[in-house]
Amino acid sequence: MAVTSAGIRAGTGVGTDVVFLPGMAVHRYLRRTQDLVARQARAHLVHLPGTGQAPDAPWPAGLAEDVTATLDWLSANPAAGPLVLVGHSYGCQVAGRIAAAVPNQVTALVLASPTIDPAYRSWPRLVTRFALESAATPARLGRMQLSEQRRAGPRRMLAIVRSMLADDPEEALARVHVPTTVVRGEHDRLCTERWARRLADRPGGSFVSVEGGMHAFPYDRPEALAEAVKAYLPR
C-alpha cells in the first residue's frame, strides 16, 4: 500500500501555487499563514502521511517516504502556474528534496526554521535543544501539536526523527537553483542564525530574521512568514 499525502487548499483563481510543508506530524499551526497567502495565490497546506486528513502510513515512514508521497500529491494536483514551496522545520527537509527532484516545476523556495542544524545533529544535542524550545512554547500550541502527533504515533515520530538526523539538507539544497529565502525566529533554539545565513548564502538567496520569534514563529507571527512568501507572488 502506497504512502499518500492529502492537502487543504485556500484561495482561488489563476496565478501562483504555494505549497506549505509543515513540521513533524503537525499542520494546524500553519493555517493562519496559509490564509494570509491565499489572498494573493492558491495556497495548499499538505498533510503528510499519517497526519491530518492524510491516510495512515502503513509503516513508520520517514523523510524518504514523505518526499515520495508529496511528489505523488504534486503530480495528482499539478500547479497551474508558478510553484513556490514553503517548508517549516522538518518540512524544510522535505521541501529541499522536492525542489531538487523536480527543478523544472519549482520557481522559488522559502525555508522557515530549517532543520537539522549541524550544531545539533546528534540525539543528545537535539533532545536538549528540543527540550529548551518546548519549555518556551506557548501552552496552547503545545497542546494542539500534541493532539496531532498522537495520531501519528510514537513509531512514526521516531522514524521521522531518525531520518531527519540521517539527512544532509545541504546536499539537497546544493542541487536547487531557484531563489531561496531562509526565515529564522530571533530566539530559535533549534536553528542557529549562523547556519540559517549559510543556507541563504547562494545566488538569489536572502535571509530574514523575525524579531522575538521562536522556532514555531508562524504560529504567533504568521504575517512574518506570509510576507516572505508574498515576495515571490505577483503584486
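No experiment lies behind these values; they were computed from the predicted model shown.

Draft legend 1. Region of interest: empty space enclosed by the protein. Under the criterion given, the structure shown has 4 cavities of 30 Å³ or more. Around the largest cavity sit 13 residues that line it, and Cys92, Gln93, Gly96, Pro169 and Leu173 are the ones nearest its centre. Residue assignment for the lining of the largest cavity shows that the elements contributing at least two residues are α3 (90–101), α7 (169–173) and α8 (193–200). The leading source of residues in the lining of the largest cavity is α3, at 4 residues. The residue inventory of the lining of the largest cavity, partitioned by class, reads 8 nonpolar, 3 polar and 2 charged. In this structure, the second largest cavity spans a volume of roughly 50 Å³. Among the elements that line the lining of the second largest cavity, the one with the most residues is helix α9 (residues 217–220), at 3 residues. By residue class, the composition of the lining of the second largest cavity is 6 nonpolar, 1 polar and 2 charged.

Draft legend 2. Region of the structure containing the layout of surface pockets. Taken as a whole, the largest pocket holds about 680 Å³ of empty space. Along its surface, the largest pocket is lined by 30 residues, and Met24, Phe130, Ser134, Gln145 and Gln149 are the ones closest to its centre. Where the lining of the largest pocket is concerned, the elements lending two or more residues are α4 (123–136), α5 (139–152) and α6 (154–166). For the lining of the largest pocket, a count of residues per class yields 17 nonpolar, 10 polar and 3 charged.

Draft legend 3. Expanded view of the pattern of salt bridges. In this structure the tally under the stated criterion is 12 salt bridges. Between Glu170 and Arg121 there is a salt bridge, with the nearest N and O atoms lying 3.2 Å from each other. Of this pair, Glu170 sits in helix α7 while Arg121 sits in the loop between β5 (106–112) and α4, placing them 49 residues apart in sequence. Linking Glu171 and Arg175 is a salt bridge whose minimum nitrogen-to-oxygen distance equals 2.9 Å. For Glu171, a relative accessible area of 34% gives the class partly exposed. Looking at Arg175, the relative accessible area reads 39%, which means it is partly exposed.

Draft legend 4. Looking closely at α3. Here α3 spans 17 Å end to end across 12 residues, near enough to the 16 Å set by a 1.5 Å rise per residue. For α3, the tally of buried residues reaches 10 of 12 residues, placing the bulk of the element in the interior.

Draft legend 5. Looking closely at the environment of Ile160. Secondary-structure assignment places Ile160 in helix α6. Assessed through its relative accessible area of 1%, Ile160 is described here as buried. Beyond its immediate chain neighbours, meaning those up to four positions away, Ile160 contacts Met24, Ala61, Gly62 and Tyr90.

Draft legend 6. Looking closely at unusual backbone geometry. Backbone torsion omega between Thr115 and Ile116 reads -10 degrees, so that peptide bond is classified as cis. Structurally, Ile116 is set in the loop between β5 and α4. Backbone geometry at Ser89 places phi at a positive 55 degrees, although glycine is not the residue there. With respect to the element layout, Ser89 can be found in the loop between β4 (83–88) and α3.

Draft legend 7. Up close: the state of the cysteines. Scanning all chains against the criterion turns up 0 disulfides. Looking at the unpaired Cys92, the closest cysteine sulfur is the one in Cys191, lying at 8.2 Å. Judged by relative accessible area, Cys191 falls into the buried class, the value being 0%.

Draft legend 8. Spotlight on the nonpolar core. The biggest cluster of nonpolar side chains holds 42 residues, and the ones touching the most others in it are Val19, Leu21, Leu85, Tyr90, Ile98 and Leu109. Looking at this core, the elements that each hand over two or more residues are β2 (17–21), α2 (63–76), β4, α3, β5, α6 and α8. Take this core: its biggest share by element is 7 residues, from α3. Residues within four places of Tyr90 in sequence aside, it is in contact with Pro22, Gly23, Met24, Leu48, Gly62, Leu63, Asp66, Thr115, Ile160 and Met164. Val37, Ala41, Ala43 and Tyr219 belong to the second largest nonpolar core, which has 28 residues in total.

The rules behind each value
Residues numbered from 1 in each chain as written. Predicted model: local features only at pLDDT ≥ 70, side-chain atom pairs only at ≥ 80, totals over all residues. Heavy atoms only, no water. 1 Å grid on protein atoms, 1.4 Å probe; cavity = no way out; pocket = protein on both sides within 12 Å on 5 of 7 lines; lining within 4 Å. Points joined across faces, edges and corners; volume = space filled by probe spheres on them. Helix = DSSP H or I, 4+ residues; strand = E, 2+ residues; numbered from the N terminus. Nonpolar A, V, L, I, M, F, W, Y, C, P; charged D, E, K, R; others polar. Salt bridge = Lys/Arg side-chain N within 4 Å of Asp/Glu carboxyl O. Buried < 20%, exposed > 50% of the residue type's maximum accessible area, 1.4 Å probe, protein only. Expected span 1.5 Å × (residues − 1). Contact = heavy atoms within 4.5 Å. Disulfide = S-S within 2.5 Å. Core = buried A, V, L, I, M, F, W, Y, C linked by side-chain atoms within 4.5 Å.

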